[in-house]
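Fold and geometry: a report
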Amino acid sequence: MSLLARARPELAAFKPYASARRSGFDARIRLDANESPWDLREEGVDVDAGLNRYPSPQPSQLRARLAAVYGTDPARLWIGRGSDEAIDLLLRAFCRAGRDNVVAFAPTFGMYRIGAALQGADYRALALDADDDFVLAPEKLLALCDDDTKLVIVCSPNNPSGTLYHGRLIEELATKLAGRALLLVDEAYVEFAGVQSASALIERHANIGVLRTLSKAHALAGERIGSLIAREDIIELIGRIAAPYPLPTLSVRAALAALDANTLIRTQARIDILIDERERVARTLALSPFVRKVWPSAANFLLVRFDDSRAAFERLLAAGILVRDFSTQAGLANCLRITIGKPDENDALLAALAGDVR
Ligand SMILES: *Cc1c(COP(=O)(O)O)cnc(C)c1O
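Residues numbered from 1 in each chain as written. Predicted model: local features only at pLDDT ≥ 70, side-chain atom pairs only at ≥ 80, totals over all residues. Heavy atoms only, no water.

Moving on, we come to the sheet that holds strand β1 (residues 77–81). Taken in spatial order, the 7 strands of this open sheet run β1-β7-β6-β5-β4-β2-β3, and their pairing is mixed. Edge positions in the sheet fall to β1 and β3 (122–127), since each of these pairs with one other strand and no more. For this sheet the average axis-to-axis angle between neighbouring strands, irrespective of direction, equals 25°. Note: strand β2 (residues 101–106) against β3, 6 bridges, orientation parallel. The residue bridging Val102 from the neighbouring strand is Tyr123, located in β3. Strand contacts of helix α1 (residues 60–70): β1, β6 (208–213) and β7 (225–229), with the helix running at about 110° to β1, the strand carrying the most contacts. Strand contacts of helix α6 (residues 232–241): β1, β5 (182–186) and β7, with the helix running at about 30° to β1, the strand carrying the most contacts. (Pairing = 2+ DSSP bridges. Helix = DSSP H or I, 4+ residues; strand = E, 2+ residues; numbered from the N terminus. Axes fitted to C-alpha atoms, helices over the stretch in contact; angles between N-to-C directions. Contact = heavy atoms within 4.5 Å.)

By the definition in use, this model includes 5 aromatic pairs. Summarising the aromatic geometry, the rings of Phe109 and Tyr112 are spaced 5.5 Å apart at their centres and angled 80° between planes, so their arrangement reads as edge-to-face. Sitting over the ring of Phe290, Arg315 keeps its end group 4.7 Å from the ring centre. (Phe/Tyr/Trp six-rings, centres within 6.5 Å; stacked < 30°, edge-to-face > 60°. Lys NZ or Arg CZ within 6 Å of the ring centre and 35° of its normal.)

Counting 45 residues, the largest nonpolar core has Leu141, Leu183 and Ile208 as its most contacted members. Ranked by residue count, the leading element in this core is helix α5 (residues 168–177), at 5 residues. Among residues more than four places away in sequence, those in contact with Leu183 are Val152, Val154, Ile170, Leu173, Ala174, Leu177, Asn207, Ile208 and Gly209. Listed in part, the 32 residues of the second largest apolar core include Ala7, Leu89, Val102 and Leu151. (Core = buried A, V, L, I, M, F, W, Y, C linked by side-chain atoms within 4.5 Å. Buried < 20%, exposed > 50% of the residue type's maximum accessible area, 1.4 Å probe, protein only.)

Close to the ligand lie 14 residues, the nearest being Asp186, Tyr189, Thr213, Ser215 and Lys216. Ser83 has a polar backbone atom sitting 2.7 Å from an oxygen atom of the ligand. Between Ser215 and the ligand, the recorded distance is 2.6 Å, taken from a side-chain N or O atom to an oxygen atom. Coverage of the ligand by the protein chains reaches 94% of its 390 Å² of free accessible surface. Element by element, the count of residues in the shell around the ligand is highest for helix α2 (residues 82–94), at 3 residues. For the shell around the ligand, the residue count by class is 5 nonpolar, 5 polar and 4 charged. (Near = heavy atom within 4 Å. Polar contact = N/O pair within 3.5 Å; in protein donor to acceptor, adjacent residues only side chain to side chain. Areas by Shrake-Rupley, 256 points an atom, 1.4 Å probe, with all protein chains shown as cover. Nonpolar A, V, L, I, M, F, W, Y, C, P; charged D, E, K, R; others polar.)

For the structure shown, the criterion picks out 25 salt bridges. Measuring nitrogen to oxygen at the nearest pair gives 2.7 Å for the salt bridge that ties Arg81 to Glu85. For Arg81, a relative accessible area of 38% puts it in the partly exposed group. Look at Glu85 and you get buried, because its relative accessible area is 9%. (Salt bridge = Lys/Arg side-chain N within 4 Å of Asp/Glu carboxyl O.)

Turning to the pairing of β5, a few remarks are in order. Counting buried positions over the 5 residues of β5 gives 5, a clear majority of the element. Going residue by residue along β5, you find Leu182, Leu184 and Asp186 tucked away on one face and Leu183 and Val185 tucked away on the opposite face as well. Here strand β4 (residues 149–155) runs beside β5; their pairing, made up of 5 bridges, is parallel. Bridging from a neighbouring strand, Val154 pairs with Val185 of β5. Assessed by its sense of winding, the connection that carries the chain from β4 through α5 to β5 is right-handed. As paired elements, β5 and β6 share 4 bridges and run parallel to each other. (Right-handed = clockwise from strand over helix to strand, strands pointing away.)

Let us look at the pairing of β4. Burial within β4 is extensive, with 7 of its 7 residues counted as buried. In the sheet, β2 pairs with β4 via 3 bridges, with the strands oriented parallel. Residue Val102 lies in a different strand from β4, and its bridge partner there is Leu151.

With that settled, consider a nonpolar patch on the surface. A contiguous nonpolar patch, built from Met111, Ile114 and Leu118 and spanning about 300 Å² of accessible area, is present on the exposed surface. Note on placement: Leu118 falls in helix α3 (residues 111–119). (Patch = residues over 30% accessible without salt bridge, like charges linked within 9 Å, V, L, I, M, F, W, Y side chains within 5 Å.)

With respect to the secondary-structure elements, Glu35 resides in the segment before α1. Its relative accessible area of 16% is what places Glu35 among the buried residues. In this structure the side chain of Glu35 is engaged in a polar contact, spanning 2.8 Å, whose partner is the backbone nitrogen of Tyr54. Apart from the residues within four sequence positions on either side, Glu35 is in contact with Arg21, Asn52, Arg53 and Tyr54.

Encoded structure:
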């Protein structure tokens, strides 16, 4: 069953802005978009060529490449300004303000709550237990859902805990939510997890959506390129309500460069280094007398509980190292989230925490 019946009803007849680049026409002389006819590159300015023209709303070459890398069909992939834009548009597409709700767990990525609040959707979060390694019981998450639940969000690996939720758990949630809500699996860090993406499940479950991004493993946070992978009907709906030109020309070029076969091989080598470093830092921190717990992580960061996170944070800052303080979040007292850096950066972190501040 299509999930479109659960989208905001007024969007069924919603017509997108008819931009010039959506018309489907192309010609040698383009006088259809009120662009400047002068390419600044040809005018001697040190910028990329072709920037006088609006970009394609969804460049077919990048769409095809991302689909190939993610193992999906281009018709099931929408590219946005980072996955943040896809989260925002899904909330807008499905949630009636003041009526519908979104279900997730805590702790997790803060943008879900903010996006829901901006759309006027109620946000319900199941508190996971840090002492129980943030284990997720599907029936408890489902117990928060009702007839007005439109989105259920599972971040896996989860930010900030690093916990992986996948396989049978995702399938069980998707089955129980079939025809009712979109199960959105945010896989911003899945490249570090060594598991198959949940997008492989979309063939069997029409209500699964998956978020992927070039911001983390692909080292392109500054380019703002993220993808939503979902059934064609959902992709079509998001395309209709999106901004006319979400993707800057320069970002599209950089993304294509980052996804060529040779670069992908080197990206994988860096991912492998990062995973080794994550395990090394985790092992070393676990031996520190100042550390109470290091949670297992499937991402490129570690959640660490210190005896005194404030002292640790300040010791690191004094050594010129910035980490993220989570100690004020419910259930995360004395916790810091530490992104894994290059080997020498991780050495500096471990040395600073050992009290060896230079
Ligand atoms: C970093 C991150 C993203 C990536 O967002 P972009 O907008 O693609 O940069 C998405 N989800 C989570 C949980 C993240 O931590």
